[in-house]
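Coordinate inspection notes
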Amino acid sequence: MRRIVFATNNDHKLYEIKKALNEKFEVVSLKEIGFNSEIPEDYETLQENAHQKAETVLDFLGEKFKGLVFADDTGLEVDALDGRPGVYSARYAGINCSFQDNVDKMLEEMTGIENRNAQFRTVIALVNHSSSNYFEGIVKGEILNSSQGNEGFGYDPIFSPNGFNESFAEMSIEAKNLISHRGMAVQKVVDFLIR
Ligand code: IMP
């Protein structure tokens, strides 16, 4: 089976991607390759950050590594906030903030706002030593008035995708992967690799 290194320190994302690529590719984690550092993401676009994450790990693996590395960067883009927090979604409530801090800040900032439309956007960078390719996934939905559900991570408890009555945090990983931003982008990666 083809192996792909996933450049993330987020165990929730790793689990989601392992489920999504199950049986098609073997997803190798940073722990498994012995990479234990923080991965920088200091750019102002999702694509540049995804590229930086994947390249950091590719450099670590060195010239002898002949396989593929991929990384994603995701932003929550809220219409009423002019697309914020976007590329700054991880540190929306401040540097080193928790998922809960971000959720609390979003609920507070959205208090009393009627237009709750928002979207998650993911860009995946898939790189090797000779090429880089990018894949985007978007899911539209709305910001709920309070947290719902205990699954998932990040902003999942306050995001409900269009056409569903529940939040991402009330869905199984399989159900979320079928419709989510990351699930869509991963499907494009699969189509690209097996074309
Ligand atoms: P990053 O791609 O890890 O930099 O994610 C940016 C921010 O969005 C972090 O706060 C994540 O927790 C959050 N995030 C990323 N993907 C998801 C998701 O699928 N659901 C909810 N929050 C997410």
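In case you missed it, the structure is sitting above this.
The text that follows walks through the structure, step by step, so that each part is easy to find. Remember, it's a predicted structure, so these values are computed and weren't measured experimentally. (Residues numbered from 1 in each chain as written. Predicted model: local features only at pLDDT ≥ 70, side-chain atom pairs only at ≥ 80, totals over all residues. Heavy atoms only, no water.)

Quick notes on the packing of helix H1 (residues 11-21) against helix H6 (residues 181-193)
Viewed as axis vectors pointing N to C, H1 and H6 meet at an angle of 45 degrees, and their least axial separation amounts to 10 Å. Accordingly, the angle class assigned to the pair H1 and H6 is oblique. For the pair H1 and H6, the crossing hand works out as right-handed. Here H1 contributes Lys13, Glu16, Ile17, Ala20 and Leu21 to the contact with H6, which in turn contributes Arg182, Val186 and Val190. (Axes fitted to C-alpha atoms, helices over the stretch in contact; angles between N-to-C directions. Helix = DSSP H or I, 4+ residues; strand = E, 2+ residues; numbered from the N terminus. Parallel < 35°, antiparallel > 145°, perpendicular 65-115°, else oblique. Left-handed = near helix turned anticlockwise from the far one by under 90°. Contact = heavy atoms within 4.5 Å.)

Describing the side chain of Asp72
Within the secondary structure layout, Asp72 lies in strand S3 (residues 68-78). Judged by relative accessible area, Asp72 falls into the buried class, the value being 1%. Within the structure, Asp72 has its side chain in polar contact with the side chain of Arg182 (distance 2.9 Å). Sequence-distant contacts of Asp72, defined by excluding residues within four places in its chain, comprise Phe6, Lys13, Ala50, Lys53, Thr122, Val123, Ile124 and Arg182. (Buried < 20%, exposed > 50% of the residue type's maximum accessible area, 1.4 Å probe, protein only. Polar contact = N/O pair within 3.5 Å; in protein donor to acceptor, adjacent residues only side chain to side chain.)

So, the pairing of strand S5 (residues 117-127)
For S5, a buried count of 10 out of 11 residues is recorded, marking the element as mostly surrounded by other parts of the structure. Bridge analysis of S3 against S5 gives 10 bridges, and the strand direction is antiparallel. By the bridge assignment, Glu77 is partnered in S5 with Gln119. Across 11 bridges, the pairing between S5 and strand S6 (residues 132-143) is antiparallel. (Pairing = 2+ DSSP bridges.)

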